[in-house]
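Close look at the chain arrangement
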Amino acid sequence: MAPPTAAVSDVVKSYPKTTAPSILLVILDIHPLSWSLLASPPPLPPYPGHPTVDRVEASPLTLNEFATILMVFLNAHLASRWGNEVVVYGATAGRARLIYPLPPSAEAGPSKPKPNSYRPFQLLDTRIEQGLRELAAEEAARLEGDSVNSVNEPTSIVSALTKALCFINRIVPAVSPAAALADPTASTDPAAPGVTGPDKPETRILVINATPGASISATEQKEANEGQKSQGGQMRGGYVGLMNCVFAAQKAKVPIDVLSLPPPTIDASPPIFLQQAAHLTEGIYWQWNGRGGLLQYLHAIYLPPPSLRQHPFAVPPQDAVGFRAVCFCHHKTLDVGFVCSVCLSIFCEPRPVCLMCKTRFPIKSIPTLKKLATYIEPIPVPDTIPPPVASKGAGAKAQHAADGDKRDKDRSRREGNGYHGDRGEPIEVD
Amino acid sequence: MSAYGDTYNVQVKTGVLVTCDSAAKQILLHLDSQRDGPRKFLVRDIDETHVMIKREFVEEIKELLQDELEKNTYVQDPNM
Amino acid sequence: MVQPSFSHPTKREDAGPSTSPTAALDAFLDNQHQSYYEELYKSEAVCLCILRSLPPVCRHIILHILWSHQPIRTVDVKLFLQMDLKTPLPELDEVVRPALNRKILHPMIHKKAKMQWPMNDTFKRGLRNALTGLGTSNSFGVPFERDTEEGIPTQEELVAYGEDTFEGILKYMVSSGLEIGFPVARPQEEVLQLLHASGLMTDPSDPTGQNPNINRLTITSKGFQFLLEDRQTQLWEILMYYLSAKEANSERSAVVLSMFFSLGCMQLGQDYSASASFPHAQAALNDLAQYGFIYRSSEDTDQFFPTHLATALCSGDATVTKSQDADEKRFLILETNYKIYAYTSNELEIAILNLFVDIRIRYPNLVVGKLDRKNVKAAMEKGISAHQIISYLSSHAHPQMYNSPPPLLHPTIVDQLHLWDRERNRLKAEDTVMFEFFSKELFDDTEAEARANAALQHSIPSQKLLFIEPHTKAAITEFVKERQARLRSGI
């Protein structure tokens, strides 16, 4: 037993003794084309300075394997506190569907409890498997049916996000108990957990993105710029829809975590709007490095609940957010744009009449605005991790140099793939 | 203890040492002064917070003290 | 003179934070050896429940490294917790102290120039299997092969059965102490034996405690304190008493304890097979039925249903669950004029309130009373302390009371309860022998001797008085005589 010295832990005493129950909503991207990319990844670049890591090959990832990993992770979430809950949405080309928990009206075959598995885990796992199979079967049916091109539609993450936010709104009513007492006619969901004081559950959303590509532009030109294949990369619902979801989540204090599966070898320019979503709602954005170990990464980064993040648990550095926007007229991504002073909508060139609020602006001001715009330099995206110190020893950092698009300025940025601060050793793989 | 009447004499007494706050001690002294002869319990008044009393009166003292304290306690009208 | 306030934060005397409901379990587990834990951790349900009982930071550290092959290194923990890299090692030990106590981590060793904690392999395997469902110990209960669907009790029936049985035991305890005549079924003999052995009830006509007549038990002060605790704490204490009784008979208690945890992981409303789930603990399972933990339609059937008492054993950090019990348990409104309004019709709760509240009015769903000096002092005579009354009032406070600014209970009431407690101990009486000296030298010597032997109760140098423990009278007298002789002969 360590003797109780004075040094013993004001730090430890400051750790919270209990946490509130936590509800985790997962949005899983199951676009078939994205997953086919992940199943056959290109080889990884060498990893200087760390021979053990360098030896690891790029691991192909199929949806089956990932679903298994995800199920264990969700079990760990349920295990970490009595009262934690999980909700799973599946998002595919053009549609999003709630997979777990099913509404009571839907017929769920009552499976017999197994003696070696904790019943809540068993229910969750079987239902996820069933739901994914159903979704996949529907996709296959659609392909064979008339709408072959439907698979070219982008993954509808926005649709899933809105459903998730509505779910949260139903489960965690915004009305305080005092107001509820004053107005007993306000109906409360009998299945809702108690919301007094320390029992109020905290919610967070985890978006697992498999689709490469940052842009949500609809134009072919932009896709060519990005060097993408013609299929993935767009988000249905558009920029406006996504931003509305993000602001709603921000208001409701729901962090949106993002796990971007395509490693930098497949996806040179990661989804900036998901990055922005994570940044605005104080969530965690992280991109997989393609070297396996997903189970450990999930447990390490995404398992601690929001109340335990930042203090005491460390999170990966969240600075490298590309703060670009999309113009409302052409859906091009912009570094520099023109903003209507009335409704704050963004355009790529100055307009005499705002598209959204129909405010008229003097035509004479347009050339001056165009001239002024050329003086503005776009802000470079900061590095995730500062460049490695030249000396040996403590300073070696993990770097993948990914060359971005040549057209936009300052697009070369370095992505870090680990969060171990000074040491830079990623978690060793199985 | 010895036949010598000198300064090395020692007096020995057995009893009960009572420790309390000074207000309770005053109550004890008062109670003792109201009694007489063989019913007196006080052996020695030691200091502000200690007295010595005879063994056989301990339980009686505790009850008497509680009674005195009860007399000085305000009890609200039970019909309120 | 300013009166000290009992609610003053820095001057709180023994007002520790409310202990968790598993305090009895923690105390039991802290005393066990490594081998006990090895046997416990063979069951996946145990690993899961023990994990949940750890404090949150520790829990997440364990989950973080669960899937790695290596022991946890101290540098990794420092980075993960954003601690200063120069933090001394004992402090890191404190961070994972709960895991060390439960033998999940072995003590720190020095390996390959790094300090690390090796993880208990049995626990690691058990937890991994719990998460993946690949275990083989059937620790989550084997479901019963049902032939018919009839005769299956609903969840409400099971809850009612559990509540009635356990409350029956509590009512029996309460009614023995008061002259309340509500009809109460006597619990079965083994239950009474346990109540007697644990000190919750006693036979007043049996001074030695060895030969009690279990038909004539009355409640003790420990029993009163037990009544005032919240349900989770009561359940765990009963289980721990049961377990200690088993240990006293030198039976293997690890199997029984893992059965408790397995019951905690079962589902309400699901029937299980007793012989398949707990092959080695059948007798204990039967005993548990008497307390209301499980329901069995008849003595010899293999099928049993856990009630909510069992399934809620491992739930939560003492916060109420979603069940309707939660609202029924919070019914008290306490006013600053000492009046209490209890919105309940539960006989047991009213009987408990009657212990220290003067009940004035009784409606079908409401009981009105006053926290009276007389009643509270009578309760304190029976052994209930002010702290217990306060924690009982806090835990059963109506949600409406949370609307007024904290603290929950008004300081007037809290302080007055403490003062009433203090009033009982105004004077302290101890047997003594008084030595009165006339010689300073002799006085000093004797005082030093008495202090050295820890026999001194009090000394007044100004009056040269010494007060000595009676059992040391002979020794001190000898000493004094010998000193006197020496001084008189001029040494």
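Residues numbered from 1 in each chain as written. Chains lettered and ligands numbered in written order. Predicted model: local features only at pLDDT ≥ 70, side-chain atom pairs only at ≥ 80, totals over all residues. Heavy atoms only, no water.

As annotated in an unreviewed UniProt entry, chain C carries the name RNA polymerase II transcription factor B subunit 2 and is attributed to Kwoniella heveanensis BCC8398. Quoted straight from UniProt, the Sequence similarities (unreviewed entry) entry for chain C says "Belongs to the TFB2 family." Database annotation for chain C, UniProt heading Subcellular location (unreviewed entry): "Nucleus". (UniProt positions renumbered as here; feature names shortened; annotations may be inferred.)

Chain A is annotated in an unreviewed UniProt entry as General transcription and DNA repair factor IIH subunit TFB4 of Kwoniella heveanensis BCC8398. UniProt annotates chain A under Subcellular location (unreviewed entry) with the comment "Nucleus". The record held by UniProt for chain A lists under Sequence similarities (unreviewed entry) the comment "Belongs to the TFB4 family."

Our next topic: the overall build of chain A. Along the backbone of chain A there are 12 helices and 12 strands. Looking at chain A as a whole, 50% of its 430 residues qualify as buried. The long-range fraction of contacts in chain A, counting pairs at least 24 apart against all pairs at least 6 apart in sequence, stands at 70%. When the accessible area of chain A is evaluated, it comes to approximately 20600 Å², of which 60% is carbon and sulfur surface. (Helix = DSSP H or I, 4+ residues; strand = E, 2+ residues; numbered from the N terminus. Buried < 20%, exposed > 50% of the residue type's maximum accessible area, 1.4 Å probe, protein only. Contact = heavy atoms within 4.5 Å. Areas by Shrake-Rupley, 256 points an atom, 1.4 Å probe, with all protein chains shown as cover.)

This next bit is on the sheet that holds strand S14 (residues 456-460) of chain C. The strand order across the open sheet built from 6 strands is S2(B)-S3(B)-S1(B)-S13(C)-S15(C)-S14(C), with neighbouring strands paired in antiparallel fashion. The open sheet is flanked by strand S2 (42-47) of chain B together with S14 of chain C, the only strands paired with a single partner. Taking the axes of each pair of neighbouring strands and ignoring which way they run, one obtains an average angle of 30° across the sheet. As defined by bridge partners, strand S1 (residues 10-19) of chain B adjoins strand S13 (residues 428-437) of chain C across 10 bridges and the pair is classed as antiparallel. Within S13 of chain C, the position partnered with Val12 of chain B by the bridge is Phe435 of chain C. Each of S1, S2 and strand S3 (50-53) of chain B is contacted by helix H1 (residues 22-33) of chain B, which is oriented at about 150° to S2 of chain B, the strand it contacts most. (Pairing = 2+ DSSP bridges. Axes fitted to C-alpha atoms, helices over the stretch in contact; angles between N-to-C directions.)

Residues and elements named next belong to chain C. The strand order S6-S8-S7 describes an open sheet built from 3 strands, whose pairing is antiparallel. Strand pairing shows two members of the sheet lacking a second neighbour, strand S6 (272-273) and strand S7 (294-295), which therefore form its edges. Judged from the 2 bridges that link them, S7 and strand S8 (residues 303-306) form a sheet pairing that is antiparallel. Each bridged residue has a counterpart across the sheet, and for Ile294 the counterpart in S8 is Pro306.

A separate point is the pairing of strand S5 (residues 256-260) of chain A. All names here are of chain A. Most of S5 is tucked away, with 5 of its 5 residues classed as buried. Residues Ile256, Val258 and Ser260 line one face of S5 and the alternating positions Asp257 and Leu259 line the opposite face, and both faces are buried. Sheet topology note: the S5/strand S6 (residues 285-287) ladder contains 3 bridges and is parallel. By the bridge assignment, Val258 is partnered in S6 with Tyr285.

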